[in-house]
Amino acid sequence: MPFPSLKKNPILSGAIVLTLAGFLSRIIGFFYRIFLSQQIGAEGMGVYQLIFPVFSICFSLCCGPVQTAVSRYVAAQNALPSHRAGTKYAPESVLRAGLMLSFSLACLCAMILYAGSEFIADRILLEARCGALLRLMALTIPVCSVHCCISGYYYGMQKASIPAFAQLAEQIARVMSVFLISSVMTSEGQDPTTEVAVWGMVCGELASLLFSGTAYLMRRGKTAHSGTSLSYLPKILALATPLAATRLCISVLQSAEAVLIPSRLQAGGMTGSQALSVYGVLTGMAYPFILFPTAVINSVAVMLLPDMAQSQSAGNQERIDVTTSRTITCSIYLGILCTGLFLFYGDEMGERLFSSALAGSYITTLSWLCPFLYLSTTLGSILNGLGQTRTTFCHNVASLVSQLLFVLFLVPLLGIRGYLYGLLFGQLFLTVLHLLAVRSCVHIRYHALHHLMRPMGSLGIAGFLAQKITEAAVAPLISQPVIQLCISCGMLAAIYGGLLVISRRGH
């Protein structure tokens, strides 16, 4: 089944744009995390990571659900015939309605967070040092709400370039601001603190808003539009409310998990400082490394939702079936490749890149997470695009509850590995639930023999050949371990991809 050309496939073209931007952003972020870990240490990374569950809750209330609703309704309106009255300017009206709702909620949320920062830090996060970080983070929420809505508008229009470049602008501004602030503090004889990292968040969100807002205003200035935004407000609210409930519940469970991990580690015999250091290595170094390839999957997932909404609105079941089958296949192929990369080279990655054997051990253990993590992301986006948000909510809650049970009962006994096993089980559970739900409404064209055994066999051959070539040709010529590691990973990926292409043609 050949893939269509880029011009005829907005999912593929949009995903490529987002993937390129995502990879570049993550490469920048990768070096940023190395720099940040050197500046504030493993314990500082642990303290910094503790505030993100709170940000996730705020994002779930104000930004993410409205962005998804804007994207879906803009896509649906844009798919209507051009002769329909009012459809010409409907996408802009949808965006304005989303902005009114999201920004109002964001301002309220930011004020509550700023006023209650000390209470949240002391009583909920159980870490007083988070108070000042939460007050700074509150500044980012209204800014984030605006550029999320603009991004949702462009996703719905299937024009991914603006959100992609806004993502890059955010990452570049974050890294540069942290580097400059840290340099100034170091020159004055001060040690950089965790607050520097949060100032980087503020600068990054402002840069993203400036770029996306300017792009939209320039486009808007070329075409005057009419129509009322208030008519779309109830529709956006109706779709965003269950999404917000879903994400809020999920964020609360994730927050509980994040808060419990250090305390349960202490229950197993660690000191507070040791627990935060282990938590910082896992969530600030190892886990983001596993998420690095999700730039591809997240890009596809973002473009899938409006495409599914359009196909469903047009009654095009054939397109839904074909698109679902292709994206599932690509997710499995990528997941198996990344499992091999992190399994073969995980220990070396941790030692060479982070100077941490512990990070390498975590990367190797988490390598088995990749196929399930990437596939569940794709399947969840398909279900949301088909309007089955309640189904994804129930599945995500069940998965997170299972992970929380691992944290409560196994972490004190097995240490952080109890949490790693919980992650693996939770993602496997979530993938199975999502797959069963998708199969009930979509005909998946999938054959296990060709789509599972073929990539696994290709991975085994690629791993063996990459190791032998590295030992025979690369190691004698290149003495730098990091360069050797990059070449080995690149060879494994290239050989794996080549074998898949050859086997596909043969089939």
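What you are looking at is a predicted structure, and each value in this text was computed from that prediction instead of being measured.

The rules behind the values
- Residues numbered from 1 in each chain as written.
- Predicted model: local features only at pLDDT ≥ 70, side-chain atom pairs only at ≥ 80, totals over all residues.
- Heavy atoms only, no water.
- Core = buried A, V, L, I, M, F, W, Y, C linked by side-chain atoms within 4.5 Å.
- Buried < 20%, exposed > 50% of the residue type's maximum accessible area, 1.4 Å probe, protein only.
- Contact = heavy atoms within 4.5 Å.
- Helix = DSSP H or I, 4+ residues; strand = E, 2+ residues; numbered from the N terminus.
- Lys, Arg positive; Asp, Glu negative; His and termini not counted.
- Salt bridge = Lys/Arg side-chain N within 4 Å of Asp/Glu carboxyl O.
- Expected span 1.5 Å × (residues − 1).
- Polar contact = N/O pair within 3.5 Å; in protein donor to acceptor, adjacent residues only side chain to side chain.
- Phe/Tyr/Trp six-rings, centres within 6.5 Å; stacked < 30°, edge-to-face > 60°.
- Axes fitted to C-alpha atoms, helices over the stretch in contact; angles between N-to-C directions.
- Nonpolar A, V, L, I, M, F, W, Y, C, P; charged D, E, K, R; others polar.

1. Some details on the nonpolar core
Alright, step 1. Judged by nonpolar contacts, the single largest core of 101 residues is most densely connected at Leu113, Leu134, Met137, Phe342, Met349 and Tyr419.
Alright, step 2. Excluding its chain neighbours within four sequence positions, the residues that come into contact with leucine 134 are Ile51, Val54, Leu113, Ser117, Ile120, Ala121 and Leu125.
Alright, step 3. Within the second largest apolar cluster, 23 residues are counted, among which are Ala69, Val70, Ala90 and Val146.

2. So, the side chain of glutamate 205
Alright, step 1. Mapped onto the secondary structure, glutamate 205 falls in helix H9 (residues 194-222).
Alright, step 2. Within the buried core, glutamate 205 has no salt-bridge partner, and the shortest N-O distance to an opposite charge, that of arginine 174, equals 4.9 Å.

3. A word on unusual backbone geometry
Alright, step 1. Positive phi values are uncommon outside glycine, yet leucine 126 reaches one of about 60°.
Alright, step 2. As for its placement among the helices and strands, leucine 126 is situated in the loop between helix H5 (117-124) and helix H6 (130-138).
Alright, step 3. For leucine 126, a relative accessible area of 55% puts it in the exposed group.

4. A closer look at helix H15 (residues 370-385)
For an α-helix, 3.6 residues make a turn, and residues three or four places apart therefore share a direction.
Alright, step 1. With 16 residues, H15 should cover 22 Å at 1.5 Å per step; its first-to-last C-alpha distance of 23 Å lies within 8% of that length.
Alright, step 2. In terms of residue burial, H15 counts as a mostly covered element, since 14 of its 16 residues are buried.
Alright, step 3. Directly after H15, the chain includes glycine 387, whose backbone phi takes a positive value near 85°.

5. A word on the side chain of arginine 454
Alright, step 1. You can see arginine 454 is positioned in helix H19 (residues 448-477).
Alright, step 2. An unpaired buried charge is present at arginine 454: no salt bridge exists, and glutamate 318, the closest side chain of opposite charge, is 18 Å distant.
Alright, step 3. A distance of 2.7 Å separates the side chain of arginine 454 from the side chain of tyrosine 333, its partner in a polar contact.

6. Quick notes on the environment of leucine 168
Alright, step 1. Among the secondary structure elements, leucine 168 is positioned in helix H8 (residues 161-187).
Alright, step 2. Under the relative-accessibility criterion, leucine 168 is labelled buried at 11%.
Alright, step 3. With 36 residues separating them in the primary sequence, leucine 168 and glycine 204 have C-alpha atoms 9.3 Å apart.
Alright, step 4. In contact with leucine 168, other than residues within four places in its own chain, are Ala21, Leu24 and Ser25.

7. Digging into the packing of aromatic side chains
Alright, step 1. Inspection of the entire model under this criterion finds nine aromatic pairs.
Alright, step 2. A ring pair is formed by phenylalanine 165 and phenylalanine 211, whose centres lie 6.4 Å apart and whose planes are at 50°; its orientation type is tilted. Of this pair, phenylalanine 165 sits in helix H8 while phenylalanine 211 sits in helix H9, and the two are 46 residues apart along the sequence.
Alright, step 3. Phenylalanine 165 gets classed as partly exposed once you look at its relative accessible area, which sits at 46%.
Alright, step 4. Relative accessible area serves as the criterion here: at 32%, phenylalanine 211 is assigned to the partly exposed category.
Alright, step 5. Plain terms: the ring middles of phenylalanine 289 and phenylalanine 342 are 6.0 Å apart, the flat faces sit at 70° to each other, and that makes the pair edge-to-face. Taken together, the positions of phenylalanine 289 in helix H11 (residues 272-291) and phenylalanine 342 in helix H13 (residues 317-353) put the pair 53 residues apart, joining distant regions of the chain.

8. Looking at the packing of H6 against helix H7 (residues 140-156)
Alright, step 1. Closest axis-to-axis distance for the H6/H7 pair is 5 Å, and the angle between their directions is 35°. Of the residues in H7, those in contact with Leu136, Met137 and Ala138 of H6 are Thr140, Ile141 and Pro142.
Alright, step 2. Here the contact of H6 with H7 is built from residues that sort into five nonpolar, one polar and no charged.

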